[in-house]
Structure formats: C-alpha cells, structure tokens
Amino acid sequence: MSKIVSLPPKIQSIDELKNYLNLALEIELSTIPPYLVSMYTLEPDTNKESLEIIRTVVVEEMLHMLLVANIINAIGGTPVLNNKENIPKYPYEVPIKTKKNELLKINLQSFSREAIETFLEIEKNTPLDEIRESVPRDEPFNSIAEFYSTILDALIYFNNHIGEGNFFCGDPTKQIHPEYYYNSGGTSIIVTDLESAINAINLIIDQGHREDESSFCHEGPSHYQRFFEILNTNSEDSKSFFGDRITVKWDKVYKIYTNPKHINYKNHEELEKKSKEFNILYSNLLDLIHIAINGKPEVFNECNIIMFSLRNKATELMKIPLEDNFRAAPTFEYIEESNRK
Amino acid sequence: MINECIDVSEKEFDVVIVGGGIAGSLIAKQLGIYGKKVLILEAGESKHMKYLDYQRNLDLYYSASVKSPNSPFSSNSHAPQPDELDVISKIPYMNSKGYFIQMGPTPYRSDYTRHLGGATLHWLGTCLRMIPDDFKTKTKFGVGLDWPLTYEELRPYYEQAEYEIGISGEVNDQRELGQLLNIKEEWFGKEYVFPMHKIPESNIDKYLSKQLEGKSITFQGHQYSLKVTSTPQARNGIPNMKYRYRGEPYKPVGAVGNDFQGKRCVGYSSCVPICPIQAKYSALKTLDSALKSGNVTIVSKAVVTEIKVDGFGKVEKVVYKAYTSNNPNDFSLYTAVGKIFVLAANPVENSKLMLKSLIKNDLIGKYLMDHPFLLTWGLSPQLLGIFKGPGSTSGIESLRNGKFREHRSAFRIEIGNLGWLWSNGAPYSIINSLVFEKNNSGKKLRESTYDMNQRQIQLGFMLEQPAEATNRITIDRREKDSFGNLRPIINYKLSEYTIKGMEAAKQTASTLYSYLGAKECTSYTDDDPGFIQYNNNSYAFSGAGHFMGGHVMGTSIHNSVVDKYQKVWGYKNLFAVGCGSLPTTGTANPTLTLAALALMSAKWINNSLEKEKITIGVDK
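By the naming in an unreviewed UniProt entry, chain B goes by GMC family oxidoreductase and is assigned to Robertmurraya kyonggiensis. Taken from UniProt, the Sequence similarities (unreviewed entry) comment for chain B reads in full: "Belongs to the GMC oxidoreductase family." Its UniProt record gives chain B the following Cofactor (unreviewed entry) comment, quoted word for word: "FAD".

With an unreviewed UniProt entry as reference, chain A is termed Iminophenyl-pyruvate dimer synthase domain-containing protein, source organism Robertmurraya kyonggiensis.

Printed below as a string of structure tokens:
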C-alpha cells in the first residue's frame, strides 16, 4: 500500500488518468459484443458448454465496466458511455500490441477457432516480470495487464502525492453498490480510497488474465483458461470449468459476415428494420448504463430488462437467412439519440 | 466427497444421515462446520450436483409431454417415488398402480422426489413462517395436537433457516400481516430484515392489491381483511444491505458448479418443477457448501433398508442397498456405522424404515397430513399481464388465523402468476380448444390466444389439516414391488373440519371474484379424483406436495414419536427429522419450518457429541 511509485510517463496528470480510465471502460465494453455475437452464432441446443463458458466471461466483463466506473467516480471523474466517440466500432483496435507487434484487432465474427484465438489474445496474461515499470509515453502497451498496472501506479502516485482525501474526492452516492449489480461474476467493490481502488483493479486483472494458479481474490479458471479449454478440450493443460471434459462442435455454427454493418442491410426490409431496432436497443442500453453510473444506480434495474430484449432481438436477427447459407447478425452500432426514430 | 454406491463399513462416522434432502443437508452442513465426520446416504442419484448434468434434467422436462413436478426427475426402480399422475380416480385400487398402495377413502394426491436434493428440486420455494397459534391448536382451538415447543423457542432457528436457504422478502409486509392475524408474540424480531429484498410483485399481484384495498369478508360476525401480502420466498433477489448474519452481509448463492448463474431470479416461470438457472434454492446448494467443510461424505445410490438396534436402545448401524444398475439383482448390501443416526428422508420413507426396523412406538406412521389445495379460477374483464415471474409472488394471508379455527380449517390463498396452468393446463389447453373446437387460425388465433390467456386469474386455497391417527402410513411385508421394495400403504381421509374449511374457502373465492369484477369459472366434475360433495355443493381438492406427520413430535412417548429435538423416544442415538415431525400443518408451506427444526436438531446433536467427548475424557 505504501509502495513508492514515480509518475508513469504515460499518465502525467489526474485528467490523463481519468482519460485512461475511460479508455479502460471502452476496452472492457469492446469485448462484450464480440463475445455475444459468437454466442448468438451457436446453433440452438448445441455447444451448450461453450455458450455457458463465454457467458461467464461476459458477465465478468460487465462487472469490470462497473468497477472501472466506480474508480472514475471515486476520483471525481465522469465515466462516459453516451458518446459515439467512446463506443467501439468493429473491427476494433485495442491500443495494445500483440506478440506479432501489431495492435490487437477484435472482430464481430462467428464462433470459430479464429475467434477464440482472438479472445485468448484479449485475455492473455503477462508474466509479472514482463510488465514494464514505466512504459514510455510514445510506445503502446504490451498487454491489458500492463495497461492496468500503469493505471494502478498512477492511482498510487496521486494518492501519495496529493493525499487520499483530496484524491478520492468523488461523490460516494455515485458508487454502484452490490445491491444494484446482478452479482453473477462477482460482487461490485465500492471504491472510496486507495485500498478499495487497488482491490477493484486487482479483481479485473485477476479474473481476466491469469494463466497460472496465483490469485488474489478469485476462485476458478480465469477468462484465459476458460477460452483455452474451448480450444483445447482434451489437453492436459486445460482447466475444466465444469469439472468434466466438454465437447465443441465447430460445424454447428451459423456463418455470418465478419463485422457486419447496418448499411449493408439496406436492400432487405425486414432485416433492416430488425437491425435498426437492435441498434436502438443497444444505444438505449448504453445511455441508461451511462445514467446509472452517473448518479442513478437504480436505473440498472431497467438495464437488465433491455439486456434480455437485446438477446431476443439478436435471436430474431440470426434467424434471417442471407445468401450462401449465411445468416444476418447484429451490428452493435451506436445511434445518436436524434436518429433513433 | 460424493461417491456412488460404495461400501463405507470400514469407516466410522460421528453422524450417519439417511437422505440428502433439505433437512439432511442442513444438518450435515452445520455438523461439518463443527468438525464432525458426517455421512449422507442418499437413495437416489447425485449426478445433478454437476452443473451440466443438472441441465440435462432440464431437457427431460422440456421433452415431457405431460409436465408434472417429477417430470425432470426420472423414476428409479431401486428408489421408487410417487408421482402426482399416479392418482387418476376416486377408487383407491385404481390409484395404486404406482409406488403407493392407496387405501382411501380419499386419495393422497402429493408426490416427492428421491434424488439428491429431494423435493426442493421441484418445490415452488414459498417460505412462510408458521404463526404462534399453529403451535398450540389443541389448547387454543381444541383441535389437533400441540407442539412440545413454542414459537419463541423456534424463532432464532427460523432466522438461521432464512439465512441458510436465502430468502427474499419484505419483513414489514409480514409485520403488517401479523397485526391482521392478531399475533401478540414477537413474530419477527424488531430489527430483523430478510437477507434479500422481496421479489417484485407481479402484475396480477398489483391488480389484486388495488382491487381489494379496504375489502373484507365476514365469518360468524367477525370481519377479516382481504389484504394482499408479498410472499417471502427461496429465490435470489436483490441483497438487502441492512441484513447481517453473524456480522456479514448476504451474498446470493448461485448455481451449483457454476457461480455465474442464478444470482437473481429472472422470471423463467418454470420454478415448479425446475429452475433452469438455479436462482431458486434447492438443497444442492447446501450440500455443495457442506462438502466444502471437508468433513461430509455423500454416498448416493444407497437405499437404507434397515436400522439395527442393540438390546439397550442404541442404534449400531444401518444396512443399505448399494445398486450399480437398473437391474433388480444388481446391488450389494453394506452397513454404515456411526455414533448418531438421523433419518432425514421424506416422512413416508422415514416411517417405512422405522416400521420395517421394528422401532418401538405405536404412533409411527400415524397422523399423516397434507395441505389439501382447492383451486379456483376466473376471468378478469381486463388483460392482466400474466405468465410472468415465479409461480406465485403474493398471497392473501389474512384468513390464516381466527376464532373460526375452533370449527373449521384456516387457509391461505396463493395468487397464481401462471393463469390457469395448474387448474386447466393453460395456455396449451386454451390453444387446443381454440384450434380444434373453435377452428381459429392465423391472426384470429393469435388474438384469441392472447385474450383468453391474459385474463386468467387462479386463486389456490391451501387448507390446514389437523392430525388424525387414522390417516397413516403402514407397511405389509407381503406388499413389495418387483425390486423387493416395500410399498407404502396410505390410509387417508379429509375430516369434516377440513371440508368445512373448503366450504369457507369457496365462499371466499366467490366474494373475491365479485370484488374483482371477474367471472368465476371454477367448476368441479365428479370424475376428478379429489371430488367431494358437502351440503349440496361440489369441491375437488389437490395435494400441495406437503407430506407432514408420520413421526410427530410431542412431550412424551405416549403422545409422539420424537421429542422436540426430533430424537426418537426410547432410543439413545436415533433422530427422525423433517416434516414428519410436525404435529400441526398450520397454513404455512412447511419447508421453512422443517429447516428451522433441523437446525435446532443439528445444534443439539453437536452438543451431545461434545458432551460425549468430555465424558470419555473423564473416563480416561
């Protein structure tokens, strides 16, 4: 706790820290539509184990969004989810470098080995000794763990530098309590000081990016380990999520065009209508979450209902056949409020 | 550790529990935490403790053409179970083709589940506390039996049970009800809240609340309110931040084997018979946490067939049949040894086992009870937004107590959220009749289906049934099934006291439908197995699934089988726990009460094991 850290080169001011935390919110959000789309493409009543495994990751990503929002609010920032600029578009480039020295690119695509490999890239861990203490300002991060580690250093630095009371000056009523969060995937952490902020960041890193047994506060396989099992069902290295070996049927999957766009549905009346309805729901949902994390946590109850509608709408879309055995799919595009009718 | 059909005769346990339902699992968990070595012998299967296998039960339910409480939980010839669908007639012989031999004169219409987790696998999850007067009906109303303990003694265990099960509810609604029921005792502690906030009231609950505001009904010159009260229930809701149990806030418990499911009820509406996400409590959750203590062993596919007692009233061991396949001869007989033995199977199985083992007490098997259930139904003039939420989220509870209990049964009224599903098989039956009788199709069919289903009201009246010695479970050593299992023989009759309660229930129903401006559609036909005529009126009752009695508790060996800690009179180390011990049914769904009693027994069992340790220490 009393670790002395210097100011990370990438985060020179509290405002920059707030921006980075909003970027964290965006990155967490960016993973959810690809996970959902891969789930939607599983044929009904097949690959139930994979579907459930991906779902468990999704609920934890939602928890991570909430934890990040709690940290932003705790230091008097504003978490933003109602602005087109903050909503991922696909393909989405995560500002993280992969091993191939390219930025990590996330697609909306069918459940496939390739998709799961991308998921593994998203959730991969970096061994502690590979996380750089100070990432130079003009270099990208090597991993999400490194990204969060930098944020953690900045939190500690400003806390030590200007004092806990001055730094954690946010309105405590904006914190999302466990009461308002759905519980699946863990319980929210109320952030009021450095200790709780560190716990929140550790929970995010721990749930997602662990490759080995070490764990601060989380039981069961990490996201990385869960996706690894889907790809390597019979491997000795796989940790079994359900306690039994699972089977994966890669061919029981609907084909969709990678990164579908609403604009390409223009000449299909029913499809265009449903796709727009889906995007309106998605946009309404993000706006409502924005309201919930900006002082009205009770709005989360409404969000739950929309999430179910979103799933139903996506299922309707997936039933629409396109040429060559392809199916329609939701495009997850944010529509400005003025264009929603 | 869970094992199937293994031999444990080489091991010695502190406590051997027969039956892995809610009573057995609660006791196992507590004793496991106290460091006692516990064995649970479960007659049925245990594989649904694994998440993916639980999901397979769900597939069984989806594919069943007739959906009964046991449709997800298949019958097992080594551990047979009754099925509601076994009762098809008023003629006892016709109802005896399943597991039970029904002697009548009226059929016993309930069933239970012989799988690990027991009947909590298919229950609705209603968790009402009994009211203090239910503990002294003999003294107060001159009816039935008195309990050997007071409500006050049991109250702390009710609180513990509400924690262990995980109850969502609004305590202030219960307090208000307490006033309507004229409860003088402290029913709920002053600072008490439930672990989770109440499950939101359904559309029909809200509609009824509004329509019945300020309304009442008069019986024998006394006015009784018809207020709607939210139901405390065993399903996950929003944790109440004010709640503390031993200083800790409440964390909802998710699905067994998948902590990412079931932390909130999301209204799948198939609670009975199976919650797809395990937001509804089942004993599997308690078993899962019992196993974490490292002190609890579960052996499934192990049917206990006999209790062996030495010449001094001390149980030495139980014999169990460990089967490996569905072949009648494919089993071995093993024994399990322990210091204390707890029978925690269904009242019928507990009674059967004690009768077969010649446990000395003339009252074993006697005082079998249920909550006879009178369904009524009507059509509202307006669309109600039903078929949403759990099976029931509110009730009219204000007729559960009153001076009328001197003459007739009290009842509670369960407000159904699923239309005429239970009474008429809606919505499927409605669609059938629209298509095949009224030749509807296309848009008209869609509209009529919606209209007919969305106006349905179903009010279920759950009646008190006093203990009567002639209602009983017996065995006959000649009556065995093809696997050699003794078949329970059931003698059962509703007394005039209960039928008079039914009469009052039906009057109340008519009053309610008229206050609601609804058309009452209830009609009972004489081909219904539960059909009864009384004072020129017709009724038909169903079972509530609430097996009670069989080893009732009391103050001495002359009036009961067990004492207030559920220890069998005359035996040093034998307990019979569960609903079988209840001397009265009251009008509360009984699981919460049996859970409270089990927790009280667990504490007592632990104390007596501790004392034994001290005694041994002194001897040395």
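Q: Quick one: what's the story with the pairing of strand 5 (residues 216-219) of chain B, residue by residue and with numbers?
A: In this structure, strand 5 of chain B lies alongside strand 6 (residues 222-225) of chain B, joined through four bridges in antiparallel fashion. In the sheet register, I217(B) faces strand 6 of chain B, and the bridge partner there is Y224(B).

Q: An account of the interface of chain A and chain B is needed here, citing residue identities and associated values.
A: Across the boundary between the two partners, chain A contributes 21 residues, which contact 20 residues of chain B. Across the interface of chain A and chain B, roughly 1700 Å² is buried in total on both sides, 54% from carbon and sulfur atoms. Run the count over chain A and chain B and you get two salt bridges. When the shortest N-O distance is used, the salt bridge between D59(B) and K48(A) registers 3.3 Å. If you list the elements that add at least two residues to the side of chain A that touches chain B, you get helix 2 (48-74) and helix 9 (300-318) of chain A. Sorting elements by how many residues they give to the side of chain A that touches chain B places helix 2 of chain A first, with seven residues. Of the residues in the side of chain A that touches chain B, the class split is seven nonpolar, five polar and nine charged.

Q: How would you explain the sheet that holds strand 4 (residues 101-105) of chain B if you had to name every residue and give the values?
A: Backbone-to-backbone hydrogen bonds pair the strands of a sheet. The strands run either parallel or antiparallel. Residue and element names in this part refer to chain B. Spatially, the three strands line up as an open sheet ordered 4-17-16, and their pairing is mixed. Single-partner strands in this sheet number two, and they are strand 4 and strand 16 (472-474). For this sheet the average axis-to-axis angle between neighbouring strands, irrespective of direction, equals 20°. For strand 16 and strand 17 (residues 489-492), the ladder comprises three bridges, and the chain directions are antiparallel. Bridging from a neighbouring strand, R472 pairs with N491 of strand 17.

Q: Residue-level account of the packing of aromatic side chains, with values.
A: Residue and element names in this part refer to chain B. Evaluation of the coordinates by the stated rule reveals 44 aromatic pairs over all chains. Measuring from centroid to centroid gives 4.9 Å for Y108 and F547, while their planes differ by 45°, and the two rings are tilted. One end of the pair, Y108, is in the loop between strand 4 and helix 3 (137-141); the other, F547, is in the loop between strand 20 (537-542) and strand 21 (574-576), with 439 residues separating them in the sequence. Grouping residues by exposure puts Y108 and F547 together as buried. Between F135 and Y151 the ring centres are 5.9 Å apart and the planes differ by 75°, which places this aromatic pair in the edge-to-face class.

Q: So what about the nonpolar core? Which residues, and what values?
A: L41(B), I165(B) and V342(B) are the most contacted members of the largest nonpolar core, which totals 114 residues. By size, the runner-up hydrophobic cluster in this structure holds 113 residues, among which are L63(A), A115(A), V299(A) and I306(A).

Q: Residues and numbers for the UniProt feature "domain: Glucose-methanol-choline oxidoreductase N-terminal" (unreviewed entry) in chain B, please.
A: UniProt's feature table lists "domain: Glucose-methanol-choline oxidoreductase N-terminal" (unreviewed entry) at residues 114-372 of chain B, given in the numbering used throughout. Within the segment residues 114-372 of chain B, helix and strand shares are 23% and 18% respectively, and the terminal C-alpha atoms sit 22 Å apart.

Q: So what's going on with the packing of helix 8 (residues 269-292) of chain A against helix 9 of chain A? Residues and values would help.
A: Residues and elements named next belong to chain A. Interaxial distance between helix 8 and helix 9 falls to 9 Å at its minimum, and their mutual angle equals 160°. Between helix 8 and helix 9, the crossing angle belongs to the class labelled roughly antiparallel. Our pair here, helix 8 against helix 9, has a crossing hand that is left-handed. On the side of helix 8, the interface is formed by L271, K274, S275, E277, F278, L281, Y282, N284, L285, L288, I289 and A292, while helix 9 contributes F300, E302, C303, I306, M307, S309, L310, K313, A314, E316 and L317. The residue makeup of the contact of helix 8 with helix 9, split by class, is 15 nonpolar, three polar and five charged.

Definitions and limits used
- Residues numbered from 1 in each chain as written.
- Chains lettered and ligands numbered in written order.
- Predicted model: local features only at pLDDT ≥ 70, side-chain atom pairs only at ≥ 80, totals over all residues.
- Heavy atoms only, no water.
- UniProt positions renumbered as here; feature names shortened; annotations may be inferred.
- Pairing = 2+ DSSP bridges.
- Helix = DSSP H or I, 4+ residues; strand = E, 2+ residues; numbered from the N terminus.
- Contact = heavy atoms within 4.5 Å.
- Buried area = accessible area lost by both parts, 1.4 Å probe.
- Salt bridge = Lys/Arg side-chain N within 4 Å of Asp/Glu carboxyl O.
- Nonpolar A, V, L, I, M, F, W, Y, C, P; charged D, E, K, R; others polar.
- Axes fitted to C-alpha atoms, helices over the stretch in contact; angles between N-to-C directions.
- Phe/Tyr/Trp six-rings, centres within 6.5 Å; stacked < 30°, edge-to-face > 60°.
- Buried < 20%, exposed > 50% of the residue type's maximum accessible area, 1.4 Å probe, protein only.
- Core = buried A, V, L, I, M, F, W, Y, C linked by side-chain atoms within 4.5 Å.
- Parallel < 35°, antiparallel > 145°, perpendicular 65-115°, else oblique.
- Left-handed = near helix turned anticlockwise from the far one by under 90°.

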